[in-house]
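Structure at a glance
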Amino acid sequence: MLRQALLAASASTQIRQLVTTLPVSRDVVARFVAGDTADDALAAIGRLAGEGLQATVDYLGEDTASREQAAAVADEYIALLGQLGGLATAAEVSVKPTAVGLGLAEHGEKTALENIVRIAVAARNAGTTVTLDMEDHSRVDATLRLVGELRADFPDLGCVLQAYLRRTAADCQALAAAGARVRLCKGAYEAPGDLAWSGRRDVDRSYARCLRTLMRGAGYPMLATHDPRLIELGGVVAAMTGRGRADFEYQMLYGLRTAEQRRLAAAGARVRVYVPYGSDWYGYLVRRLAERPANLAFFLRALASGH
Ligand code: FDA
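Here is a short report on the structure shown in this document. Everything quoted here is computed from the prediction, not taken from an experiment. (Residues numbered from 1 in each chain as written. Predicted model: local features only at pLDDT ≥ 70, side-chain atom pairs only at ≥ 80, totals over all residues. Heavy atoms only, no water.)

**A word on the packing of aromatic side chains**
Enumeration according to the criterion identifies 4 aromatic pairs in this entry. For the ring pair Y59 and Y77, a centre distance of 6.3 Å and an interplane angle of 90 degrees mean the geometry is edge-to-face. Taken together, the residues Y59 in strand β1 (residues 54-59) and Y77 in helix α5 (residues 67-83) connect sequence positions 18 residues apart. Given a relative accessible area of 0%, Y77 falls into the buried group. Members of the aromatic cluster, each reached through a chain of ring pairs, are Y59, Y77 and Y277. R166 extends its terminal NZ or CZ atom over the ring of W197, reaching a point 4.4 Å from the ring centre. Its guanidinium or amino end placed over the ring of Y284, R288 lies 4.5 Å from that ring's centre, counting from NZ or CZ. (Phe/Tyr/Trp six-rings, centres within 6.5 Å; stacked < 30°, edge-to-face > 60°. Helix = DSSP H or I, 4+ residues; strand = E, 2+ residues; numbered from the N terminus. Buried < 20%, exposed > 50% of the residue type's maximum accessible area, 1.4 Å probe, protein only. Lys NZ or Arg CZ within 6 Å of the ring centre and 35° of its normal.)

Set out below in structure tokens:
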């Protein structure tokens, strides 16, 4: 309920205005976001690499409203990839399709495709890969069409499937059979009940089912969750399906369960941290506050103490 209310309220322009201008928001954002600039992201990747952790870097922003802005977002990724240098073995990029044009009223899908191709070429030249984030349910079909097209030229392009959607079991089967790199997450957006599981237990059960499908398949599973039970299940199913440590990975968000990230890496698992940077952090922050009461409490405590 709280999650739904927060995600719904976040669409209000007044609330956005308030949250983005409160001085306290900056402190809270610093916990979840690496910084404003590509240099901040590069520094974070370097620190993580020093701890044996890999990264996937997200230039914050979504629902881009013009072709020029969509192209500028792609340019930012391309510049970042050009600066990776030796860090390319430790970092890839995550791209939101609507940030590079998917939501544009005219030629949105074509614009997104062209921009993602440019980013994927830059990633290939740098020696790394791209993963397409998954946004709200209305974008899933278009995003999977993009993934299908792009994988013909960039077979290592990754994508995200969200366990809270009822359709995801079937999408997992298809992408596992195709040998794709798939990040499995629970899903951070709102969706109507006929499309999505609403109870936590149903979502967790769906995640467990999808995890098994991906692990048994021909692709590369990326288990994006902070949930201790699902992390443990991942290890068990990997052992049962004969997957070695390099045959799947865990993924977590920057600033969340950092001790667990290090523990898994020290135990020999491959762990990748999702590193967001940039000044357009509002949507990302709201999703983090909505998915976990402790994150919201952290924000409210900071608000109450005035720093
Ligand atoms: P959830 O939030 O349900 O928590 C389950 C349990 O985990 C908690 O009860 C607690 O025990 C433990 N836990 C969680 N956070 C903790 C913390 N900070 N400290 C201690 N314990 C904690 N979503 C999307 O829709 N599209 C996308 O493309 C992506 N991409 C993405 C990439 C990566 C790398 C990650 C990790 C996540 C995403 N997500 C996403 C977000 C995802 O869908 C989901 O909203 C969050 O990961 C929260 O769900 P969890 O599976 O982490 O568990």
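**A look at the packing of helix α3 (residues 23-32) against helix α12 (residues 282-291)**
Their axes nearest at 11 Å, the elements α3 and α12 cross at an angle of 80 degrees. Judged on the interaxial angle alone, α12 and α3 are roughly perpendicular. Facing α3, whose interface residues are V28, V29 and F32, α12 presents Y284, L285 and R288. Of the residues contributing to the contact of α3 with α12, the split by class is 5 nonpolar, no polar and 1 charged. (Axes fitted to C-alpha atoms, helices over the stretch in contact; angles between N-to-C directions. Parallel < 35°, antiparallel > 145°, perpendicular 65-115°, else oblique. Contact = heavy atoms within 4.5 Å. Nonpolar A, V, L, I, M, F, W, Y, C, P; charged D, E, K, R; others polar.)

**Let's talk about the pattern of salt bridges**
On inspection of all chains with the given rule, the structure shows 18 salt bridges. R287 is paired through a salt bridge with E62; the nearest N and O atoms lie 3.0 Å apart. Remark: E62 occurs in the loop between β1 and α5 and R287 occurs in helix α12; sequence separation between them is 225 residues. Exposure remark for R287: the relative accessible area of 8% places this residue in the buried category. Notably, a salt bridge pairs D202 with R205, separated by 3.7 Å at the nearest N-O pair. Of this pair, D202 and R205 both sit in helix α9 (residues 200-216), 3 residues apart, which is roughly one turn of that helix. For D202, a relative accessible area of 33% corresponds to the partly exposed category. Taken together, the shared-partner salt bridges connect K186, D204, D227 and R229 into one network. (Salt bridge = Lys/Arg side-chain N within 4 Å of Asp/Glu carboxyl O.)

**What to know about helix α10 (residues 228-240)**
For α10, with 13 residues, the first-to-last C-alpha span of 19 Å sits near the 18 Å given by 1.5 Å per residue. Looking only at α10, the buried set comprises L230, I231, L233, G234, V237 and A238. Along the long axis of α10, the arc covered by the buried residues comes to 160 degrees, so they all point the same way. Residues P228, R229, E232, A239 and M240 are exposed on α10 and point more than 90 degrees away from its buried face. Of the residues one or two after α10, G242 is the one with positive phi, at around 75 degrees. (Expected span 1.5 Å × (residues − 1). Arc of directions from axis to C-beta.)

**Thoughts on the nonpolar core**
One finds V93, I119, V130 and L132 to be the most contacted residues of the largest nonpolar core, which totals 83 residues. When near neighbours in sequence (up to four residues on either side) are disregarded, V93 contacts T56, V57, Y77, L80, L81, I119, T129, V130 and T131. If you look at the next biggest cluster of nonpolar residues, it comprises 21 residues, including Y274, Y284, V286 and L296. (Core = buried A, V, L, I, M, F, W, Y, C linked by side-chain atoms within 4.5 Å.)

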